[in-house]
Amino acid sequence: ISMFFLTLLLFLALFPGAFDCCTKISDEIPKGILQRVERFEIQKADGLCHLEAIILYIKGRKFCVSPQIKKVKRWMKKNKHKIPRKKPHGRKQRRTKIIRKKEKKL
C-alpha cells in the first residue's frame with residue numbers, strides 16, 4: 001500500500017495540473033454565461049489532457065465547453081484580452097526603458 005501512495009505523490013509532484021483537465025464538455029451554453037466570464041483558457045488535446053475544450057471561469061468556478069460552439073468562437077475573438085498572459089520578464093522591460101531614454105536624449 002505504501003508503494004501506491006508513494007507513486008501517487010510522485011505523480012502529483014511531477015504533474016500538478018493533471019487533475020485540472022476538463023474530462024467532459026458541454027455542447028451548449030446558456031445565453032447569460034458568456035457575459036459573466038472573467039477569463040478563459042484553451043485546453044488542447046495533448047499531454048495529460050486528452051480532450052479539446054474551452055475553460056470558462058465565472059466567479060471562481062470553471063465550465064468546460066466545446067471549442068466547436070459558434071457562439072463561443074465569436075465571443076473568444078472579441079474577448080482575447082481575457083486570456084491569461086504570462087508577465088514579461090523584468091530584465092526585458094528595464095532594457096526597453098533604457099533604450100527609450102537614450103533615444104529621447106538624442
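- As named in an unreviewed UniProt entry, the chain is CCL28 protein, taken from Podilymbus podiceps.
- UniProt's Subcellular location (unreviewed entry) comment on the chain is quoted here verbatim: "Secreted".
- Quoted verbatim from the Sequence similarities (unreviewed entry) field of UniProt, the annotation for the chain is "Belongs to the intercrine beta (chemokine CC) family."

Focus on the overall build of the chain
Turning to step 1, where the next piece is worked out: From N to C terminus, the chain includes three helices and three strands.
Turning to step 2, where the next piece is worked out: Of the regular secondary structure in the chain, the N- to C-terminal order runs α-β-β-β-α-α.
Turning to step 3, where the next piece is worked out: Among the 106 residues that make up the chain, the fraction classed as buried is 25%.
Turning to step 4, where the next piece is worked out: Within the chain, contacts between residues at least 6 apart in sequence are counted, and of these 45% link residues at least 24 apart.
Turning to step 5, where the next piece is worked out: Accessible surface, the chain: about 9400 Å² in total, of which carbon and sulfur atoms supply 58%.

Some points on the side chain of N79
Turning to step 1, where the next piece is worked out: Positionally, N79 belongs in the loop between α2 (70-78) and α3 (90-105).
Turning to step 2, where the next piece is worked out: The exposure class of N79 is buried, given its relative accessible area of 14%.
Turning to step 3, where the next piece is worked out: Within the structure, the side chain of N79 is placed 2.8 Å from the backbone oxygen of W75, a separation counted as a polar contact.

Re the pattern of salt bridges
Turning to step 1, where the next piece is worked out: Tallying each qualifying case throughout the model produces one salt bridge.
Turning to step 2, where the next piece is worked out: One salt bridge in this structure joins R39 and E41, with 2.9 Å as the shortest N-O distance.
Turning to step 3, where the next piece is worked out: R39 sits in the partly exposed class, given a relative accessible area of 32%.

Points about the pairing of strand β2 (residues 53-58)
Turning to step 1, where the next piece is worked out: Most of β2 is tucked away, with six of its six residues classed as buried.
Turning to step 2, where the next piece is worked out: In β2, alternate side chains face the same way, and those of A53, I55 and Y57 on one face and I54, L56 and I58 on the other are all buried.
Turning to step 3, where the next piece is worked out: Here strand β1 (residues 39-43) runs beside β2; their pairing, made up of five bridges, is antiparallel. Looking across to β2, one finds that I42 is bridged to I54.

Some details on the sheet that holds β1
Note on sheets: strands pair through backbone hydrogen bonds, and any given pair is parallel or antiparallel.
Turning to step 1, where the next piece is worked out: As summarised here, the arrangement of the three strands in space is β1-β2-β3, forming an open sheet in which the pairing is antiparallel. Whereas interior strands pair on both sides, the edge strands pair on one side only; in this sheet they are β1 and β3 (61-65). Strand-to-strand twist across the sheet, computed as the mean angle between neighbouring axes with direction ignored, equals 25 degrees.

Some thoughts on the side chain of S66
Turning to step 1, where the next piece is worked out: Mapping S66 onto the fold places it in the loop between β3 and α2.
Turning to step 2, where the next piece is worked out: Side-chain polar atoms of S66 contact the backbone nitrogen of Q68, separated by 3.1 Å.
Turning to step 3, where the next piece is worked out: Not counting chain neighbours up to four residues away, the residues in contact with S66 comprise I25, S26, D27 and I54.

Criteria and cut-off values
Residues numbered from 1 in each chain as written. Predicted model: local features only at pLDDT ≥ 70, side-chain atom pairs only at ≥ 80, totals over all residues. Heavy atoms only, no water. UniProt positions renumbered as here; feature names shortened; annotations may be inferred. Helix = DSSP H or I, 4+ residues; strand = E, 2+ residues; numbered from the N terminus. Buried < 20%, exposed > 50% of the residue type's maximum accessible area, 1.4 Å probe, protein only. Contact = heavy atoms within 4.5 Å. Areas by Shrake-Rupley, 256 points an atom, 1.4 Å probe, with all protein chains shown as cover. Polar contact = N/O pair within 3.5 Å; in protein donor to acceptor, adjacent residues only side chain to side chain. Salt bridge = Lys/Arg side-chain N within 4 Å of Asp/Glu carboxyl O. Pairing = 2+ DSSP bridges. Axes fitted to C-alpha atoms, helices over the stretch in contact; angles between N-to-C directions.

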